[in-house]
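# Per-entry structural report
Listed here are the chains, written in short residue letters.
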Amino acid sequence: MTDIFAKHQGLREAYEGLTAASPRNPFEVVIERPISASVGIIEGRETLLFGTNNYLGLSQSKKAIEAAVETAETMGVGTTGSRIANGTFGLHRKLEAKLAEFFRRKHCMVFSTGYQANLGTISALVNKDDVLLLDADSHASIYDGAKLSGAQVIRFRHNDPVDLEKRLARLKDHTGAKLIIAEGIYSMTGNVAPLDKFVDIKTRHGAYLMADEAHSFGVLGAHGRGVAEMQGCEDGIDFVVGTFSKSLGTVGGYCVTNHDGVDLMRLCSRPYMFTASLPPEIIAATMAALEDMQARPELRTKLQENAARLHAGLQKVGLKTGEHVSPVVAVTLETVDQAVGFWNALLENGVYVNLSLPPATPDNRPLLRCSVMAAHSPEEIDRAVAVFGEVARHFGL
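Per an unreviewed UniProt entry, the chain goes by the name 8-amino-7-oxononanoate synthase and belongs to Gluconobacter potus. As recorded by UniProt, the Cofactor (unreviewed entry) comment attached to the chain reads in full: "pyridoxal 5'-phosphate".

Our focus in this paragraph is the sheet that holds strand S1 (residues 33-34). Picture the strands of a sheet paired through backbone hydrogen bonds; they go either parallel or antiparallel. Taking strand neighbours across the sheet as the criterion, the four strands line up as S1-S2-S3-S12 in an open arrangement whose pairing is mixed. Of all the strands in the sheet, just S1 and strand S12 (351-352) have a single pairing partner and so form its edges. Pairing geometry for strand S2 (residues 39-42) and strand S3 (residues 45-49), over four bridges, is antiparallel. Following the sheet pairing, Gly 40 is matched in S3 by Thr 47. The sheet strands contacting helix H14 (residues 378-394) are S2, S3 and S12, and the helix crosses S3 at an angle near 95 degrees.

This part is about the pattern of salt bridges. Two side chains carrying opposite charge are able to pair once their charged atoms lie near each other. A complete count under the given rule lists 25 salt bridges for this structure. With a shortest N-O distance of 3.1 Å, Arg 83 and Glu 96 are connected by a salt bridge. On the criterion of sequence distance, the pair formed by Arg 83 in the loop between helix H2 (62-75) and helix H3 (90-103) and Glu 96 in helix H3 is long-range, its members being 13 residues apart. Note on accessibility: Arg 83 and Glu 96 belong to one class, buried. Linking Arg 309 and Asp 382 is a salt bridge whose minimum nitrogen-to-oxygen distance equals 2.9 Å. Residue Arg 309 is located in helix H12 (residues 298-316), and its partner Asp 382 is located in helix H14; the two are separated by 73 residues in the primary sequence. Residue Asp 382 is classed as partly exposed on the basis of its relative accessible area, which comes to 36%. One salt-bridge network, held together by shared partners, links Arg 83, Arg 93, Glu 96, Asp 263 and Arg 266.

Our next topic: the domain arrangement of the chain. By the assigned domains, the chain splits into domain 1 (17-49 + 297-394) and domain 2 (62-295). For domain 1 versus domain 2, the distance between C-alpha centres works out to 27 Å. Contact residues are listed per partner, giving 15 residues for domain 1 and 20 residues for domain 2. Roughly 1400 Å² of surface becomes buried between domain 1 and domain 2 when both sides are summed, with 56% attributable to carbon and sulfur atoms.

Alternating residues of S2 divide into Val 39 and Ile 41 and Gly 40 and Ile 42, and every residue in both groups is buried. Both S1 and S2 contribute to a ladder of two bridges, which runs antiparallel. For Arg 33, the partnering residue across the bridge sits in S2 and is Ile 41. What sits between S2 and S3 in their antiparallel hairpin is a turn of two residues, with Glu 43 showing a positive phi close to 55 degrees.

Attention now moves to the UniProt feature "domain: Aminotransferase class I/classII large" (unreviewed entry) in the chain. Per the UniProt record, "domain: Aminotransferase class I/classII large" (unreviewed entry) is found at residues 47-387. Each end of residues 47-387 is marked by a C-alpha atom, and these two atoms are 12 Å apart; helix forms 42% of the span and strand 16%.

The subject of this paragraph is the side chain of Thr 250. Tracing the chain through its elements places Thr 250 in the loop between strand S9 (239-243) and strand S10 (253-257). Residue Thr 250 is classed as buried on the basis of its relative accessible area, which comes to 18%. Those residues within four positions of Thr 250 in sequence are excluded, and the remaining contacts are Phe 244, Ser 245, Ile 282, Ala 285 and Thr 286.

Of note, the amide linkage connecting Pro 358 to Pro 359 takes the cis form, showing an omega dihedral of 5 degrees. Note that Pro 359 resides in the loop between strand S13 (354-356) and strand S14 (367-371). Residues other than glycine seldom take positive phi values, yet Asn 159 does so here, at roughly 55 degrees. By the element assignment, Asn 159 lies in the loop between strand S6 (152-156) and helix H6 (161-169). Overall, the relative accessible area of 17% leaves Asn 159 in the buried class. Here Asn 364, not a glycine, exhibits a phi torsion of approximately 60 degrees, which is positive. Checked against the element boundaries, Asn 364 lands in the loop between S13 and S14. Classification of Asn 364 as exposed rests on a relative accessible area of 51%.

Definitions and cut-offs
Residues numbered from 1 in each chain as written. Predicted model: local features only at pLDDT ≥ 70, side-chain atom pairs only at ≥ 80, totals over all residues. Heavy atoms only, no water. UniProt positions renumbered as here; feature names shortened; annotations may be inferred. Pairing = 2+ DSSP bridges. Helix = DSSP H or I, 4+ residues; strand = E, 2+ residues; numbered from the N terminus. Contact = heavy atoms within 4.5 Å. Axes fitted to C-alpha atoms, helices over the stretch in contact; angles between N-to-C directions. Salt bridge = Lys/Arg side-chain N within 4 Å of Asp/Glu carboxyl O. Buried < 20%, exposed > 50% of the residue type's maximum accessible area, 1.4 Å probe, protein only. Domains from an automatic or database assignment. Buried area = accessible area lost by both parts, 1.4 Å probe.

What follows is the structure, encoded as structure tokens:
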């Protein structure tokens, strides 16, 4: 009988080589318990958390916790059904209305995860007769949504309006729909997309534009609506997709739009139709976190100050980071062995970050990906920078 896992032999060898050279498996780190938004217990010791995407620290929101507990006690812990069957509670509709109002859009669909929001939105909007134009550094969920849709995929250079326009110009005779997809903040590098320029281009070429604001929702813009709000181009974005698992600290995803075809999307989006809906306590916690975020704009101010502090600190100790100052700060290294050693040394000295390795990284170089929070104190950021500096000197960087 053919070994069903034989196709993964190359992956197995790479994985075994990586774990054999490392004192711990970087893909199986266990946070035994969080002490606060910024500190957790890993391997029995207190560790600074700089790799959680918990940008506003709202995973520990007292209002969200209280809302979740109260709702679980009164409504139970699950829906046991999909949104098109028995899985739409009044809370689901209430959250959709609140999100539509927040984003100043007519319609909202809530999905069970952010990943499913991209899969479900993309596959419902385009098919084999249409063309998707994707930023080369798009998230895996966007590429998987593209595969599910069956649409033709054309990639344009990362954050490059000129290259996008050149590729769109070649499609002037294409009879199907053209959908451009870009992210607000790119999850690996922290780069910010020129969405305002993309809006101008899509308008000239009769295309649609979808923005994935997963890492910029709650982070950028005067009200936290993301990069499009910050750049003043919200009206030119046709569809905004995002997640609750970053700034709101819960789980789930959404798509908001002014287009009236949303009710049709609910009937043809398989990731929306064929999975259980979010449990009521998660919906309640998400609404409470959204209200908390809106009531506390100072969290965004603190987050930006902390992002600038971490970015400047890492550069000051001689490490290579991206040019954009955002809550995602990635340190680029040259070899996998170097990155694994550096990552282990950070953890052993009480700092947890994400280890990102090729081929998941944009330019096939390893990254130490940091995400900063409003909940971090200046002292915690300075401590993390000091540890980075000590480890960098140890490795001769």
